[in-house]
Each structure stands twice: as C-alpha cells, then as structure tokens.
Amino acid sequence: MKILITGAYGFLGKNLIARLNEYKGKYTIYSYDLDTPFSDLERYTADCDFVFNFAAVHRPKDASEFEKVNHVFFDDLLDLLKNHNNRCPVLYTSSIQATNGTDYGNSKLAAEADLKAYGAETGARAIVYRLSNVYGRWATPNHHSVVATFCNNLALELPITVNDTNHMMYFHYIDDVIDSFVTQIEGTATPDDDGIFRVRKTHQITLGQLADTLISFQATVKEGQKPDLKNETQKTLYTTYLSYVEQNKNI
C-alpha cells in the first residue's frame, strides 16, 4: 500500500513514518516536505492509496502563510488527486482552534470545508481530525507544545517559566495520535456525530503539575535513578523527557 505524507519531516510525519516502517515492507511511503520538488507531488498523487496531509504552519512570521499553507496548498493537493482521478482516502489534520475566528483557525476551517466538499464530489473518504496539544518525541520546542519546551529546557539545564500554575492543559500523547491514524488506513474508525475525528485518549494536567513532574524527572535522571511512575500520564511524560535528554546529550 502506497502512503503519501505531506509535512513528512515534521513532528507528526516523522512519528507516522517510524510507525509504518515497523510493518516491514507493508507500506511504501511517499514523503513530501518543503525541499521536495513539486513534480514529485504530482507523481505521488497519481499513484498513492492514502494521503496524510500534515503540511501546516502554526507560528509564521507573516500571517498570510496560514492561508497559503494550511488552506491553499491543501486545495492544490486535492486538485492533483482529482486530475489523476485518484479517489483514495485523504486525512487532514485540523485543530480545536478551527472555530476560534483567528487567521490560523480560519485557514484550518476552510480546508476542512474543502475536504468535505471534495469527498462529496468524488466519493473519496474525507477524514478530518481536530487535534489539541500533542506531545512526544521529535516535537519542536517553543513551537508544538509547552511539554516540548519544558522537556528541552530541562534536558539542557535551562530555566522554565510557568505563568499560571493552576492553568489546566489537555494533551494527546503522540503514540495515541498515531494509533488513531493507523486505524484509518484500514478504514475501521468512525467519527463523532459532527463528522469530525478526535483522538479519544486525553491527558489532563495543570501547568504547575507538569513543571513539577518534569523537574522531578530531571533530578532522578541526574541521580541515575528511575522515578516512581504512578499513572499513564507520568509514564508518557517520562518517555518524552528521556527522548529530549538523548537528543541533547551531545550539545
């Protein structure tokens, strides 16, 4: 099965590729990112059996990039599929911010609408995910989530800043997100009543608790010890923290 992944070198793309490679030849992966020639995308869209569109911007220098990347690029991708009469499933990663009226949210909402219209027109399976904060290995500090920023800073022994210790955060762990994506390849998942897919498993923690937990991990790792992990949230945060320790050990 041939899988096209746009934004392939980003956080979601790298984790999905790593997971699909575990299947030892079951999937052929077509990777597309900023440095990939557009001619490759034209070729991939003629031949692929499933599309994951992760190409996106979150904090661009120019707000016009939201529309250009999150919406217009995606429309171009759908046009390529249509030109090739390729009716394979298309998965678009949107955001819980899609309805908040910001430039970012509006670009995601517009792409959602276009995918639904594309599905209705072509009969292709149109899959929209709205994700909240996602954490795990390979997330970019000061970009993807506060977990990535805290883990990276603590691994480098840099300070972290907590503005509101009582602020409640809701996170998805990357492995749970990828689990949900993989089920879509086989077509076994069902959306919520509004037609939107969401990752079911959520981790809830205050910013203060998050900071305290990660600081405790920093201390135990320095001591060569393993912390007492009391729940799944702590286990996934510890795994994530260790990935940043490993990533930064030669810096």
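This text goes with the structure placed above it.
The structure displayed is predicted, hence computed values, not measured ones.

Colleague: Would you explain the environment of Gly 195 in this entry?
Modeller: By the element assignment, Gly 195 lies in the loop between helix H6 (174-185) and strand S8 (203-206). Accessibility expressed as a relative area gives 32% for Gly 195, which makes it partly exposed. In this structure the C-alpha to C-alpha distance between Gly 195 and Lys 116, which are 79 residues apart in sequence, comes to 9.5 Å.

Colleague: What's the story with the packing of aromatic side chains in this structure? I'm lost.
Modeller: Within a pair of aromatic rings, the relevant descriptors are the distance that separates the centres and the angle that separates the planes. Scanning the entire structure with this criterion turns up 14 aromatic pairs. Considering the side-chain rings of Tyr 135 and Phe 171, the 5.7 Å spacing of their centres and the 90° angle between planes classify their relative orientation as edge-to-face. Separated by 36 residues along the polypeptide, Tyr 135 in strand S6 (residues 133-135) and Phe 171 in strand S7 (residues 168-173) bring together distant segments of the chain. The same class applies to Tyr 135 as to Phe 171, namely buried.

Colleague: Even after reading the chapter, I still don't get the environment of Tyr 244, so can you show me in this structure?
Modeller: Checked against the element boundaries, Tyr 244 lands in helix H8 (residues 232-248). Judged by relative accessible area, Tyr 244 falls into the buried class, the value being 0%. Separated by 184 residues in the primary sequence, Tyr 244 and Pro 60 have C-alpha atoms spaced 24 Å apart. Apart from the residues within four sequence positions on either side, Tyr 244 is in contact with Gly 136, Trp 138, Ala 139, Pro 141, Ala 148, Cys 151, Asn 152 and Ala 155.

Colleague: How should I be thinking about the environment of Ser 180 in this particular structure?
Modeller: Mapped onto the elements, Ser 180 comes out in helix H6. The exposure class of Ser 180 is buried, given its relative accessible area of 17%. Excluding residues within four positions of it along the chain, Ser 180 makes contact with Tyr 129 and Val 199.

Colleague: What exactly am I supposed to notice about the nonpolar core here?
Modeller: Here is a general trend for soluble globular proteins: nonpolar side chains tend to be buried in one another's company. Judged by nonpolar contacts, the single largest core of 47 residues is most densely connected at Ile 5, Phe 52, Phe 181, Leu 210 and Leu 214. Discounting chain neighbours no more than four positions away, the residues touching Phe 52 are Ile 3, Leu 4, Ile 5, Thr 6, Leu 16, Leu 91, Phe 181 and Ile 185. If you look at the next biggest cluster of nonpolar residues, it comprises 23 residues, including Leu 4, Ala 55, Val 90 and Tyr 118.

Colleague: Whenever I open this one, the pattern of salt bridges confuses me. Can you help?
Modeller: Scanning all chains against the criterion turns up 14 salt bridges. Among the salt bridges present, the one from Arg 130 reaches Glu 112, with a minimum N-O distance of 2.8 Å. Linking Arg 130 in strand S5 (residues 126-131) with Glu 112 in helix H4 (residues 103-122), this pair joins segments that are 18 residues apart in sequence. Look at Arg 130 and you get buried, because its relative accessible area is 16%. Of the charged contacts in the structure, one is a salt bridge between Lys 249 and Glu 246, with a shortest N-O distance of 2.8 Å. Looking at Lys 249, the relative accessible area reads 53%, which means it is exposed. By sharing partners, the salt bridges in this structure join Asp 192, Asp 194, Arg 198 and Arg 200 into a single network.

Colleague: Hey, could you run me through the pairing of strand S3 (residues 50-53) in this one?
Modeller: Residues of S3 alternate between two faces, with Phe 50 and Phe 52 on one and Val 51 and Asn 53 on the opposite face, all of them buried. Across 4 bridges, the pairing between strand S1 (residues 2-6) and S3 is parallel. In the strand pairing of S3, Ile 3 is matched with Phe 50. By the bridge criterion, 3 bridges tie S3 to strand S4 (residues 90-95) in an arrangement that is parallel. Of the residues in S4, the one forming a bridge with Asn 53 is Tyr 92.

The rules we used
Residues numbered from 1 in each chain as written. Predicted model: local features only at pLDDT ≥ 70, side-chain atom pairs only at ≥ 80, totals over all residues. Heavy atoms only, no water. Helix = DSSP H or I, 4+ residues; strand = E, 2+ residues; numbered from the N terminus. Buried < 20%, exposed > 50% of the residue type's maximum accessible area, 1.4 Å probe, protein only. Phe/Tyr/Trp six-rings, centres within 6.5 Å; stacked < 30°, edge-to-face > 60°. Contact = heavy atoms within 4.5 Å. Core = buried A, V, L, I, M, F, W, Y, C linked by side-chain atoms within 4.5 Å. Salt bridge = Lys/Arg side-chain N within 4 Å of Asp/Glu carboxyl O. Pairing = 2+ DSSP bridges.

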